[in-house]
Amino acid sequence: MHKMPRIWHMYLQSLTEQKFITKIRRTLYRALCALPVEQHHRVWELYLAFVRQKGIPIETSLRVYRRYLQFDPTYVEDYINFLIESRLWQEAAERLASVLNDDEFCSVKGKTKQTSWLEYCDLLAKLATDVLGFDVDAIIRCGIKKVKDEVGRLWIAG
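Residues numbered from 1 in each chain as written. Predicted model: local features only at pLDDT ≥ 70, side-chain atom pairs only at ≥ 80, totals over all residues. Heavy atoms only, no water.

**Describing the nonpolar core**
Using the following cut-off: Buried Ala, Val, Leu, Ile, Met, Phe, Trp, Tyr and Cys residues form a nonpolar core when they are joined through side-chain atoms within 4.5 Å. Think of it in three bands: residues with accessible area under 20% of the maximum for their type are buried, residues over 50% are exposed, and the middle band is partly exposed, with areas taken using a 1.4 Å probe on protein chains only. Here a strand is any run of E in DSSP of at least two residues, a helix any run of H or I of at least four, and the numbering for each starts at the N terminus. Contact definition: two residues touch when any of their heavy atoms are within 4.5 Å.
The biggest cluster of nonpolar side chains holds 43 residues, and the ones touching the most others in it are L28, V43, Y47, F50, V51, Y79 and Y120. Among the secondary structure elements, those contributing two or more residues to this core are helix 1 (5-18), helix 2 (21-34), helix 3 (40-51), helix 4 (58-71), helix 5 (76-85), helix 6 (89-101) and helix 7 (113-126). The contacts of Y79, once residues within four sequence positions are left out, are L62, Y65, R66, L69, E91 and R95.

**Some points on the packing of aromatic side chains**
Stated formally: Pairing of aromatic side chains here covers Phe, Tyr and the six-membered ring of Trp, requires ring centres within 6.5 Å, and sorts the geometry by plane angle: under 30 degrees stacked, over 60 edge-to-face, intermediate tilted.
One pass over the structure, following the stated rule, counts seven aromatic pairs. Seen in terms of ring centroids, W44 and F71 are 6.1 Å apart; in terms of plane orientation they differ by 25°. Their pairing is stacked. With W44 in helix 3 and F71 in helix 4, the pair connects residues that are 27 residues apart, well separated along the chain. Judged by relative accessible area, W44 falls into the buried class, the value being 3%. For F71, a relative accessible area of 32% corresponds to the partly exposed category. Between Y65 and Y79 the ring centres are 5.7 Å apart and the planes differ by 35°, which places this aromatic pair in the tilted class. With Y65 in helix 4 and Y79 in helix 5, this residue pair connects regions lying 14 residues apart in the sequence. Each member of the aromatic cluster is reached from another via a ring pair, and the members are W44, Y47, Y68, F71 and Y75.

Just distances and angles here, no functional claims.
What follows is the structure, encoded as structure tokens:
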């Protein structure tokens, strides 16, 4: 019975409506342990919807997203968007940099490398003082070389 994803799904949905954070988190973990990996995507949908809710501690959300990226690293863009929404600029910049440096990365959302470069340069230009360990001027110059269509926009940002 514990291997039936539909029962887990129904139970988790009812728990999510009750807003018992620790109980939901533990039950989601139990569901991931009980179900075969082929059925984990069903649980992860609920898990990610749960951590996006208001009132969930940021540290809990970060741990869940990091664990999800171990399961499916192609959704790193969702994690980056979550980091930006949560105002965690440093980690967002680091993750975006790793995406841009990965030649084999292919966006699930259909973004081009050019769009990702523009987002990265905009993020760094706006938050140059909040993001440590990055040479913002050098990165924007590199972005100008790579994104020739938006030279004016990047030049002003830098």
